[in-house]
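Now for the letters of each chain:
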Amino acid sequence: MRSIQARYTIITTMLLLVILALVGTSIDMAIRYRIQDDGFGNAERVASQWSALVRIGNIPDPIPATAPVDLVQLVNSHGVVVNSSRQAIGMAPISTSRPPADDRFQQLTEGSVMVMAIRVSPAADSPVVYAGLEEPAILHEHHLEYFIAAGVLILLALAAWMTWCVVGRTLRPVAAIRARMSEITVSDLSLRVPIPPGEDEIALLARTANQTLTRLEEAVEQQRRFASTASHELRTPIAGLRVQLEEALLYPDDVDPRDTIRGALTASGRLEAIVNDLLQLARLRAADPAPQELIDLGALVTEEAAQGTGMPVRVQVSARVHVRGSRIQLIRVVGNLLSNARRHADSRVEVSVGFEDGKAVVAVVDDGAGIAPADRERVFERFTRLDDGRLRDSGGSGLGLAISRDIAHAHQGTLLIEDSPRGARFVLRLPAEDARPLGTDTEVQLAGPGKAAPPSRRAAGKDSAVKDSAVKESAGKDSAVREATREEGPREREGTREEGTPQEASGTKSPAGWAGHRRR
């Protein structure tokens, strides 16, 4: 049976039927026992009285008897009635059973008559006194059972009706929620299910369903905006590429093939960067597991800061912090933040690596114009470009900071923009596996390519050789990753600033280009 209301009603009724049947049987037996006990008690008193008079030979004829015990007989050893009460005159012996000599008192039931038989003496020819009364009609006509059965059926019907009504009333909000849910479609997620009053489970279910619908509506709307913006971002380089190729075909004598090929490569490079960033976002949102390893965050940041060009970068490491995660993804986050800071800085960029409340903290600060508080969350949205970034560079994909925040979340961390006296301050926090203070801060001044980034200051002790080897191995891995992702071509243009994977006029990607920009 599919109906919860009917199923619960039947289960409750059957359970109650068993309980009421047991209770009814117990009540019937108790009432019957009480009535019979009272009847036999009265009959025994009357029989005992006349049995004593028979023994002394002083018994009247007929025997006086009053209700309820109005049937009294004195029967000899031959089964002949020798004396009786008025109500028993002319009747055959009430019972043919004679109590034995060793058990002179017996309770008997003869048809509808309850009889107490008392043997006057143990002698063989002793007479027997029978005292009886009519069994109440409620017993011998089963009126008691009928009455109890009727009560059980009435209670059962009442309980079934109440269960049906209560369960139906309880499930009424569920029916309303189901009806509203059937009206909700992907094209219209604005509807919400009705919330019943109270704080019961159904009300909590309705609230949770509405919260889920709100999140689903926001996700669908975000996907729609993303699809629209992505198509717009892809259409621009595609249109430029088409125009260049059509111009080369229509005017072969006026167009230099090298310029056409160079422009086509630029446009295709930007397309490739946008598609790669979109694929990276899809992988991060799908929560695809990345290879995990123990990483010295200070060494990684120092090595990454040495890869940039132009703007001076000062790296300050106050603690040797190890995190567990994907080295390639963390390189991308750090490179993204550094290249972003270099584009917006006026004179210098400062990076600090430390430990705070069980978290590894990387802060990247520039001395540029900064980001308005109202835009500090918006810059992490996909394809969001602020006016300052559009003026500085119009070629970015606008996905760099969105990817960086997704990578931080994938590592159970956060990426935020915090207050700074000047410029912008990006703070990356990740769960720390191990952290040890260095005693004194290690500062590294980097001003561009060609300056090797020294490893963080090594702690003194017998394990220093092992740590040096680990740092060198980490630096080697970082260099290998960058070599694998670096393509030939000029580095990104200086003086540009955007959120996303930078795409220069040449259409090639530098290591910082993989990291992306932040403001549009």
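Just so it is clear, the structure is predicted and the values come from calculations on it, not from any experiment. (Residues numbered from 1 in each chain as written. Predicted model: local features only at pLDDT ≥ 70, side-chain atom pairs only at ≥ 80, totals over all residues. Heavy atoms only, no water.)

Asks: What is the right way to read the sheet that holds strand E2 (residues 81-84) from this model?
Replies: Consider a sheet: its strands pair through backbone hydrogen bonds, and that pairing is either parallel or antiparallel. On the basis of which strands lie adjacent, the open sheet formed by five strands has the order E2-E1-E5-E4-E3 and antiparallel pairing. Two strands lie at the open edges of the sheet, namely E2 and strand E3 (105-110), each paired on one side alone. Strand-to-strand twist across the sheet, computed as the mean angle between neighbouring axes with direction ignored, equals 25 degrees. Bridge count for strand E1 (residues 71-75) against strand E5 (residues 128-134) is five bridges, and the pairing is antiparallel. By the bridge assignment, Val 72 is partnered in E5 with Ala 131. Seen against the sheet, helix H1 (residues 4-56) touches E1, E3, strand E4 (113-119) and E5 and runs at an angle of roughly 35 degrees to E4. (Pairing = 2+ DSSP bridges. Helix = DSSP H or I, 4+ residues; strand = E, 2+ residues; numbered from the N terminus. Axes fitted to C-alpha atoms, helices over the stretch in contact; angles between N-to-C directions. Contact = heavy atoms within 4.5 Å.)

Asks: Is there a simple way to think about the packing of helix H7 (residues 327-344) against helix H9 (residues 400-410) in this case?
Replies: The axes of two packed helices give the description: the angle between them and the distance between them. For the pair H7 and H9, the least separation of the axes is 9 Å and the interaxial angle reads 140 degrees. Relative to H9, the element H7 is oriented oblique. The way H7 lies across H9 gives a crossing that is left-handed. Contacts between H7 and H9 involve Gln 329, Arg 332, Val 333, Asn 336, Leu 337 and Asn 340 on the former and, on the latter, Gly 400, Leu 401, Ile 403, Ser 404 and Ile 407. (Parallel < 35°, antiparallel > 145°, perpendicular 65-115°, else oblique. Left-handed = near helix turned anticlockwise from the far one by under 90°.)

Asks: Teacher, can you tell me more about H9 here?
Replies: Given 3.6 residues per helical turn, the α-helix brings residues three or four places apart onto the same face. H9 sits mainly inside the fold: nine of its eleven residues count as buried. Once H9 ends, the next one or two residues include Gln 412, with phi positive near 60 degrees. (Buried < 20%, exposed > 50% of the residue type's maximum accessible area, 1.4 Å probe, protein only.)

Asks: Even after reading the chapter, I still don't get the pairing of E3, so can you show me in this structure?
Replies: Each regular strand carries side chains that alternate between the two faces of the sheet. Here E3 runs beside E4; their pairing, made up of six bridges, is antiparallel. Residue pairing for E4: Thr 109 is matched across the bridge by Met 114. Hairpin connection between E3 and E4: a loop of two residues separates the two successive antiparallel strands, and Gly 111 in this loop has a positive phi of roughly 65 degrees.

Asks: What's the story with the side chain of Thr 302 in this structure? I'm lost.
Replies: Along the polypeptide, Thr 302 turns up in helix H6 (residues 297-305). Looking at Thr 302, its side chain comes within polar contact range of the main-chain oxygen of Gly 298, at 2.8 Å. (Polar contact = N/O pair within 3.5 Å; in protein donor to acceptor, adjacent residues only side chain to side chain.)

Asks: What should I look at first to understand the pairing of strand E8 (residues 349-356) in this one?
Replies: Looking at chain direction, strand E7 (residues 313-325) and E8 are connected through five bridges and run parallel. Note on E8: the bridge partner recorded for Val 315 is Val 351. By the bridge criterion, eight bridges tie E8 to strand E9 (residues 359-366) in an arrangement that is antiparallel. Residue Glu 350 lies in a different strand from E9, and its bridge partner there is Val 365.

Asks: Would you explain the packing of H1 against helix H3 (residues 143-183) in this entry?
Replies: Between H1 and H3, whose axes approach to 9 Å, the crossing angle comes to 155 degrees. In terms of their interaxial angle, H1 and H3 are classed as roughly antiparallel. Along this stretch, H1 crosses H3, giving a crossing that reads as right-handed. Here the residues of the contact of H1 with H3 sort into 18 nonpolar, seven polar and three charged. (Nonpolar A, V, L, I, M, F, W, Y, C, P; charged D, E, K, R; others polar.)

Asks: Explanation requested: a nonpolar patch on the surface in the structure shown.
Replies: On the surface, Leu 15, Ile 19, Val 23, Ile 27 and Ile 31 cluster together into a nonpolar patch covering about 400 Å² of accessible area. By secondary structure assignment, the location of Ile 31 is in helix H1. (Patch = residues over 30% accessible without salt bridge, like charges linked within 9 Å, V, L, I, M, F, W, Y side chains within 5 Å. Areas by Shrake-Rupley, 256 points an atom, 1.4 Å probe, with all protein chains shown as cover. Salt bridge = Lys/Arg side-chain N within 4 Å of Asp/Glu carboxyl O.)

Asks: Quick question: what am I supposed to make of the pattern of salt bridges here?
Replies: A side chain with one charge can pair with a side chain of the opposite charge if their charged atoms come near. In total, this model carries 16 salt bridges according to the counting rule given. Among the ionic pairs, Asp 296 bridges to Arg 320, the shortest N-O distance being 3.4 Å. Remark: Arg 320 occurs in strand E7 and Asp 296 occurs in strand E6 (residues 293-296); sequence separation between them is 24 residues. Of the two residues examined, Asp 296 and Arg 320, each falls in the buried class.

Asks: For this particular structure, what's the right way to read the confidence of the model for the protein?
Replies: The predicted coordinates should not be examined in detail at positions where pLDDT is low. On average, residues of the protein score 78 in pLDDT, and 78% of them reach the 70 mark or higher. The spread of mean pLDDT over the elements of the protein runs between helix H11 (residues 511-515), the lowest at 33, and E4, the highest at 93. (pLDDT = per-residue confidence, 0-100.)

Asks: What am I meant to see in the nonpolar core here?
Replies: Considering soluble globular proteins, one finds that nonpolar side chains tend to be buried as a cluster. Val 301, Val 323, Val 349, Val 351, Val 362, Val 364 and Phe 426 are the most contacted members of the largest nonpolar core, which has 44 residues in total. The element contributing the most residues to this core is H7, with seven residues. Residues within four places of Val 362 in sequence aside, it is in contact with Leu 297, Val 301, Val 351, Ser 352, Val 353, Phe 426, Val 427 and Leu 428. Core analysis: the next-biggest nonpolar cluster, separate from the first, contains 17 residues, Trp 50, Val 69, Leu 74 and Leu 133 among them. (Core = buried A, V, L, I, M, F, W, Y, C linked by side-chain atoms within 4.5 Å.)

Asks: What am I meant to see in H1 here?
Replies: Between its terminal C-alpha atoms H1 stretches 78 Å, which fits the 78 Å expected from 53 residues at 1.5 Å a residue. The backbone nitrogen of Gln 5 has a side-chain oxygen 3.4 Å away, supplied by the residue at the start of H1, namely Ser 3. Of the residues flanking the end of H1, it is Gly 57, one or two places downstream, whose phi is positive at about 70 degrees. (Expected span 1.5 Å × (residues − 1).)

Asks: Help me out: how do you make sense of the environment of Ser 48 in this one?
Replies: Within the secondary structure, Ser 48 sits in helix H1. Judged by relative accessible area, Ser 48 falls into the partly exposed class, the value being 30%. Sequence separation of Ser 48 and Met 116 is 68 residues, and the distance between their C-alpha atoms is 9.2 Å. At 2.7 Å, the side chain of Ser 48 forms a polar contact with the backbone oxygen of Glu 44.

Asks: I tried to follow the side chain of Asn 83 on my own but got confused; where do I start?
Replies: For Asn 83, the location among the structural elements is in strand E2. Its relative accessible area of 7% is what places Asn 83 among the buried residues. A polar contact is formed between the side chain of Asn 83 and the backbone oxygen of Pro 60, at a distance of 2.7 Å. Excluding residues that lie within four positions of it along the chain, Asn 83 makes contacts with Ile 59, Pro 60, Asp 61, Pro 62, Ile 63, Val 72, Gln 73 and Leu 74.

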